[in-house]
Each structure stands twice: as C-alpha cells, then as structure tokens.
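# A closer look at the structure
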Amino acid sequence: SAPPADSDGRLKTISEAYDSIPLIEQTKLPRGGISMETKAIGRIQFGIPPETIKDSMRLGISVPQVYIVPAERFCREMGPALGVNLAEFEF
C-alpha cells in the first residue's frame, strides 16, 4: 500500500517514499558478486569475479544476462595475495 499523500497527492515525507519501495532479494555468490531477480529485466549480477557463472549454476539460479561492473574493478580484499578482477567476463 502506498504511503499517505497530502492534498496535492504528493507523499508526506521522503522517508515514507523510501519505505514504499519494495526490497529485492539478493543472493551473495560464493566467489563474490551479488545476484538479484528483477521483474523488469530478469536476473542481474553486480560484480563479475571469476567463476561466478558456475556459482549461479550450482546454486540453481538462472545465469544473468545483465551484469553491472562496479566502478572499482579490482578488489584486493578477495582472492590470492594480489586480489581479484571484478569485471571478469568468462564467455
């Protein structure tokens, strides 16, 4: 249900507007990246560390057709001593 509106039909507060936005369930992939199912375009994935297509297949979720590459494309907190490329397109 939508939050209450004032006489103009506008939402009373920004906080109420944010509260009215439905949350999207997120699946954190074992090797990094986050996969989400959207109503508009299907499954999307934020970040593309190596082997995450295999992670999706093993978890039984559809492999995304849309990927979001993060602004920081290299993460030194993950993987071996030198880090992990977060924009690793496998196919």
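As a reminder, the structure under discussion sits directly above these lines.
Now for a look at the structure at hand. In this text the structure is predicted, and so the values were computed from the model without any measurement.

This part is about the sheet that holds strand 1 (residues 26–28). Either a parallel or an antiparallel arrangement is found when strands of a sheet pair, and the pairing is made through backbone hydrogen bonds. Judged by pairing direction, the sheet is mixed, and its 4 strands sit side by side in the order 1-2-3-4 without closing on themselves. Unpaired on one side and paired on the other, strand 1 and strand 4 (66–68) mark the two borders of the sheet. Geometrically, the sheet is characterised by an average inter-axis angle of 25° between neighbouring strands, direction not taken into account. Bridging between strand 3 (residues 42–46) and strand 4 involves 3 bridges; their strand directions are parallel. By the bridge assignment for strand 4, isoleucine 44 is matched with valine 66.

Before going further, it helps to spend a moment on the pattern of salt bridges. Evaluated as defined, the whole model comprises 3 salt bridges. Taking the shortest distance from any N to any O, the salt bridge between arginine 43 and glutamate 37 comes out at 3.4 Å. Judged by relative accessible area, arginine 43 falls into the buried class, the value being 13%. Its relative accessible area of 41% is what places glutamate 37 among the partly exposed residues. In this structure, the salt-bridge partner of lysine 54 is glutamate 51, at a minimum N-O distance of 2.8 Å.

Attention now goes to the pairing of strand 2 (residues 34–38). Pairing geometry for strand 1 and strand 2, over 3 bridges, is antiparallel. Counted as the bridge partner of lysine 28 is isoleucine 34 from strand 2. Linking two consecutive strands that pair antiparallel, namely strand 1 and strand 2, is a turn of 5 residues; a positive phi of about 110° is found at glycine 32 within it. As paired elements, strand 2 and strand 3 share 5 bridges and run antiparallel to each other.

Before going further, it helps to examine helix 2 (residues 52–59). Inspection of helix 2 places Thr52, Ile53, Asp55 and Ser56 among the buried residues, and these make up the whole buried set. Burial along helix 2 is one-sided: seen end-on, the buried residues are contained in an arc of 160°. Across from the buried face of helix 2, at angles greater than 90 degrees, the exposed residues are Met57 and Arg58. Of the surrounding secondary structure, the elements contacted by the buried residues of helix 2 are strand 3 and strand 4. Positioned one or two residues after helix 2, glycine 60 has a phi angle of 80°, which is positive.

It is worth spelling out unusual backbone geometry at this point. If a residue is not glycine, its phi is most likely negative; likewise, a peptide bond is most likely trans. For glutamate 51, which is not a glycine, the phi torsion comes out positive at approximately 75°. Relative to the elements of secondary structure, glutamate 51 occurs in the loop between strand 3 and helix 2. Assessed through its relative accessible area of 27%, glutamate 51 is described here as partly exposed.

The rules behind each value
Residues numbered from 1 in each chain as written. Predicted model: local features only at pLDDT ≥ 70, side-chain atom pairs only at ≥ 80, totals over all residues. Heavy atoms only, no water. Pairing = 2+ DSSP bridges. Helix = DSSP H or I, 4+ residues; strand = E, 2+ residues; numbered from the N terminus. Axes fitted to C-alpha atoms, helices over the stretch in contact; angles between N-to-C directions. Salt bridge = Lys/Arg side-chain N within 4 Å of Asp/Glu carboxyl O. Buried < 20%, exposed > 50% of the residue type's maximum accessible area, 1.4 Å probe, protein only. Arc of directions from axis to C-beta. Contact = heavy atoms within 4.5 Å.

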